[in-house]
Amino acid sequence: MIFSGELDHFNSADLLMILGQMEKEGHLTVSFGKEALFVGIRDGRIITAYSFPSDEKIFRSLVWRRLLDKGQLTAVSKIKEETGLPLKHVLEAMQLAGSSSIQKVLEQGMREVLFQFLLSTRGHFHFSDVLIGESPGEGLSIQGVILDLLHRLDEWNDTLHQIGPVSSNVTPTAEGREALDLPPDIQAVMDLAQESRTLGQILELAPMPSFMALQAVTQARDSGWLDIRNDQTKSLCSSHVQPDPLYERFHQSFEKIVLSLDVEPKVAAVAAFCQENFDQTLIIRAKHGVMNMVTQFFSRENSQEGKMDVPVPNRNLLDSPVFSWVLDSGSPFVGKILVTNLFEGIVELPDTGQCGIIPLENNGNSQILAFVTSAEESMGVSPFHYLELIGWLVSPTPENTLSGQQPGPLPPEIENLASLAVPRTLARDKANVIVKAIEDLPPMPRVVIKALDILGDPTTSMADLADALGKDPSLVARIIRVSNSALFSRGKHIANLNVALARLGQKAARSIVLITSANSMFSSVKQSSAMFAQDLWQHSMECGLASRCVARAVGYQDPEAAMAAGVLHDIGKLAILLRLPEQYPAIRRKQAVAQLVSTEAERQIMGFDHSMIGEMLLKKWGLPESLVRCAQYHHKPFLVKEDSLLVSIVVYGNILSHMFGSGLADVKQNNPLGMVDVLSQLQLSAKDNQALVEEIKEVFKNTDLE
């Protein structure tokens, strides 16, 4: 490692010049919020430079210039999505980068990355002395390209000062719409302007570097073909891109509900959404199904804005078939207005329209529900659609409904009232919300640092790299995922990290580590969660090592695949920690106080557990089914049908890592995770098992995450 810091303490151009004068070979990683760019430097030259936005620009340029046919473009796009590798690497691996025209486009992409870097005044940078790998003759002179781009930067600032900010609206003039035989760059920006875009959108979407696109826009403007206006008011033509206020209100409520540990904040979030969107909102509180309090929230349009508590003695919700079904199933109901006297003397229900009932809490003795009405029946996407989504998200888990069962279909007597009644698995719906929000998980910073050190040492081997990378679940998942992509797999899927690295080669492995390092260094774990993350990473590594030892002891054909499965088995916990950091400590507390295994504590608090998240996440990433099953069944191996031996190996590796490791400690039981049954499945003799335990103790003693 060389150094890192903040860009507001370093001028971007000076930083590149300094790195060039140091004559070091390495990679500069720069983060701007959620975005990152990467610059490879060697002997005073920039060998490679890429970012995700610049790769999109390069791809658009390839399409615009017709340098690849339709089949090639489809294949490149698919492989880029599967692997996340730089577009230059994908083109080279597919042997599509040989022509001078494509090389010119790739060089323009490098210049775009460097120009965006020079535009930046804030962000975090990190330089690592990692071997670059490209041939010595490649690259751009740092001094030459920076001096050229600084000149273009001055022109950029002067031009924007003259024509207005990038938020200005750009539209073709009548003369521009009739203009023919325009230069290609100008025609490209004219085509983009047909859709009433801002200047910034045109510069981003143009199939050329931003500074060239701005020149084309300026020439078109000076020729009278484009009109640029800095209109601060919201125009009708751009209204379709404005966020939907209804969705925004739903999204705000959704975040509060997901992140709330206690029921009252969830009740408040649901009430706030309902008050904004429905004529009447009631929060009903009951004991054993008998109402004792109703809080009426007046709509925002009502002059009596606010809320009012109304005591309600001796009105049984179970007398209403609809309320009874909601309480018994734990499912929300959306449908036509109910005919009921439950609210007589409290509110007057409309004769026609729609209503919704959302169960918010049911702990056996007390219940809380939200009841809303609207006098008009909504057409299309309405607040009731979002209310039902909220209902499925916030509904009590099946264990806390009156029946203790998953919801069934609506009974015939109320089915004709329902506008939407779709039975579903609540736990998977809730878990899917988390999985959809995750693209990749950040690796442990110390593992990345170790891997970068190895990549920077020409004397180390791929085996050394595999040993370092194999300690982190996110890196193992990413490397196996890329190795099984269409670019590398040739139809044969693997679950072995060593084989995956051999298949990828050092250049692709280096790109994966570098790209992933941006997540690790700039957007990883919150400080408040760092201790839990450290425990998770340590336990994942120890379970992987133990699983490899178990696999060897029982004669499993691929011990390295067993290690990968062990490292990945708890990846669902890491996802929960990173996406729901407020809930993770509560899960650990409940687990310790009630002496529960982690999956039971998770289900009681969230309605789903980490094995479900792990299964869904690894499936989303396209990892081999054998690895998916180990994440899915490591707490219930008796249910697995395929890969049962591998699952049992990981289960026993998990048990031994909990018993003898230094990482995450699960609750100890007399027969943790069915250890007797697992030993029977593995057919280990007492003598062999004792030797295995001693081996694992020794492995743990000599292994850590440093």
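Read on for a plain summary of the structure. Predicted model, so just to flag it, every value in this text is computed and none were measured. (Residues numbered from 1 in each chain as written. Predicted model: local features only at pLDDT ≥ 70, side-chain atom pairs only at ≥ 80, totals over all residues. Heavy atoms only, no water.)

This next bit is on the overall build of the chain. Counting its secondary structure elements, the chain contains 30 helices and 16 strands. Put simply, the chain has 706 residues, and 53% of those count as buried. Expressed as a percentage of contacts within the chain between residues at least 6 apart in sequence, the contacts between residues at least 24 apart total 69%. Of the roughly 31,700 Å² of accessible surface on the chain, 49% is carried by carbon and sulfur atoms. (Helix = DSSP H or I, 4+ residues; strand = E, 2+ residues; numbered from the N terminus. Buried < 20%, exposed > 50% of the residue type's maximum accessible area, 1.4 Å probe, protein only. Contact = heavy atoms within 4.5 Å. Areas by Shrake-Rupley, 256 points an atom, 1.4 Å probe, with all protein chains shown as cover.)

Under the criterion given, the structure shown has eight aromatic pairs. Ring geometry for F38 against Y50: centres 5.1 Å apart, planes inclined by 25°, an arrangement best described as stacked. One end of the pair, F38, is in strand β3 (residues 35–42); the other, Y50, is in strand β4 (residues 45–51), and 12 residues separate them in sequence. Like F38, the residue Y50 is buried in the burial classification. With centroids separated by 5.2 Å and ring planes inclined at 70°, the aromatic side chains of F115 and W156 adopt a geometry described as edge-to-face. On the criterion of sequence distance, the pair formed by F115 in helix α5 (residues 100–119) and W156 in helix α6 (residues 142–163) is long-range, its members being 41 residues apart. In this pair, the class of F115 matches that of W156, namely buried. The rings of F115, W156 and F211 are connected pair by pair, giving a single aromatic cluster. (Phe/Tyr/Trp six-rings, centres within 6.5 Å; stacked < 30°, edge-to-face > 60°.)

Right, let's get into the nonpolar core. Within the largest apolar cluster, 114 residues are counted, with the highest numbers of intra-cluster contacts made by L62, L91, L469, W621 and Y652. The greatest single-element share of this core, amounting to 11 residues, is contributed by helix α20 (residues 497–522). In contact with L469, other than residues within four places in its own chain, are V447, A451, L475, V476, I479, L497, L501 and V513. One finds L114, I142, I186 and L192 within the second-largest nonpolar core, a separate group that totals 53 residues. (Core = buried A, V, L, I, M, F, W, Y, C linked by side-chain atoms within 4.5 Å.)

With that settled, the discussion passes to a nonpolar patch on the surface. On the surface, F10, I18 and M22 cluster together to form a nonpolar patch covering roughly 220 Å² of accessible area. In this fold, F10 is placed in the loop between β1 (3–6) and α1 (12–21). (Patch = residues over 30% accessible without salt bridge, like charges linked within 9 Å, V, L, I, M, F, W, Y side chains within 5 Å. Salt bridge = Lys/Arg side-chain N within 4 Å of Asp/Glu carboxyl O.)

So, about the sheet that holds strand β2 (residues 26–32). With antiparallel pairing, six strands are arranged side by side in an open sheet as β1-β5-β2-β3-β4-β6. Across the chains shown, the open sheet's two edge strands, defined by having one partner strand only, are β1 and β6 (140–141). Pairing of β4 with β6 involves two bridges; the strand directions are antiparallel. Looking across to β6, one finds that R45 is bridged to S141. Sitting on the sheet, α5 touches β2, β3, β4 and β6, and the angle it makes with β4 is about 80°. (Pairing = 2+ DSSP bridges. Axes fitted to C-alpha atoms, helices over the stretch in contact; angles between N-to-C directions.)

This part takes up the pairing of strand β5 (residues 124–128). Among the five residues in β5, four count as buried, and that is most of the element. Of the pairings in the sheet, the one linking β2 to β5 comprises five bridges and is antiparallel in character. Directly across from V30, in β5, lies its bridge partner F125.

Turning our attention to the pattern of salt bridges. Evaluation of the coordinates by the stated rule reveals 19 salt bridges. Here R629 ties to E642 by a salt bridge, and the two come within 3.5 Å at their closest N and O atoms. With R629 in helix α27 (residues 625–633) and E642 in the loop between α27 and α28 (644–660), this pair connects stretches of sequence that are 13 residues apart. We classify R629 as buried; its relative accessible area is 14%. Where salt bridges share partners, they join E107, R111, D148 and R152 into one cluster.

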